[in-house]
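# Overview (structure and organization)
Okay, here's what each chain looks like letter by letter:
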Amino acid sequence: MAPHPNPNAALLEKLYARWNETKGANVEDVIDLFDDQVEMRSVLSEEVPTQLAGYKTSRQQAAQYFEALARDWEMLYFDAYQFIADGDDVVMVGRCAWRHRETGAEVDTPKVDIWHFENGKATRFMEMFDSLAFARAVGAA
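As the structure is a prediction and not an experimental result, all values here were calculated from the model.

## Focus on the environment of tyrosine 77
Within the element layout of this structure, tyrosine 77 appears in strand β3 (residues 73-86). C-alpha of tyrosine 77 to C-alpha of arginine 18: the two residues are 59 residues apart in sequence and 11 Å apart in space. Discounting residues that sit within four places of it in the chain, tyrosine 77 has contacts with Asn20, Arg95, Cys96, Ala97 and Asp108. Within polar-contact distance, the side chain of tyrosine 77 engages the side chain of aspartate 108 at 2.8 Å.

## What about a negative patch on the surface?
Negative charge collects at one region of the surface, where Glu28, Asp29, Asp32 and Glu67 lie side by side. For the negative patch, the element with the most residues is helix α2 (residues 27-33), which contributes three residues. Note that aspartate 29 resides in helix α2.

The rules behind these values
Residues numbered from 1 in each chain as written. Predicted model: local features only at pLDDT ≥ 70, side-chain atom pairs only at ≥ 80, totals over all residues. Heavy atoms only, no water. Helix = DSSP H or I, 4+ residues; strand = E, 2+ residues; numbered from the N terminus. Contact = heavy atoms within 4.5 Å. Polar contact = N/O pair within 3.5 Å; in protein donor to acceptor, adjacent residues only side chain to side chain. Patch = residues over 30% accessible without salt bridge, like charges linked within 9 Å, V, L, I, M, F, W, Y side chains within 5 Å. Areas by Shrake-Rupley, 256 points an atom, 1.4 Å probe, with all protein chains shown as cover. Salt bridge = Lys/Arg side-chain N within 4 Å of Asp/Glu carboxyl O. Lys, Arg positive; Asp, Glu negative; His and termini not counted. Charge placed at Lys NZ, Arg CZ, Asp CG, Glu CD.

Listed below in structure tokens is the structure:
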């Protein structure tokens with residue numbers, strides 16, 4: 001596949017390919033992409049009892065999110081198969097599967113991430129996935 005003509009989308013194509021190859025072990029690469037003041041949102045509301053839920057406002061809080069993800073979940077695969085770009089905005093469309101380490105429940109879900117870049121850094125990130133399957137996996141539904 002030829003690299004995406006949008007530089008932010010091309011960067012994300014490489015990042016997601018590495019994310020899948022390492023099964024999420026390249027967290028530093030992801031965190032390095034974020035601006036110090038990043039708005040990071042998950043489709044999970046604050047009511048879901050997990051550190052992955054809600055709204056993060058800094059690179060440090062984003063790092064804590066990824067620490068919780070690695071601690072609580074095992075990535076089975078991550079297939080990022082489409083990148084749609086419009087200037088500084090990039091949408092990743094894919095599918096992924098994770099196993100909850102405590103319950104053993106697996107979640108296989110469509111995944112959409114929406115990124116906004118300013119001066120080469122991500123200043124906004126929103127992720128969407130099957131939140132009901134996730135809540136069931138952690139015993140919250």
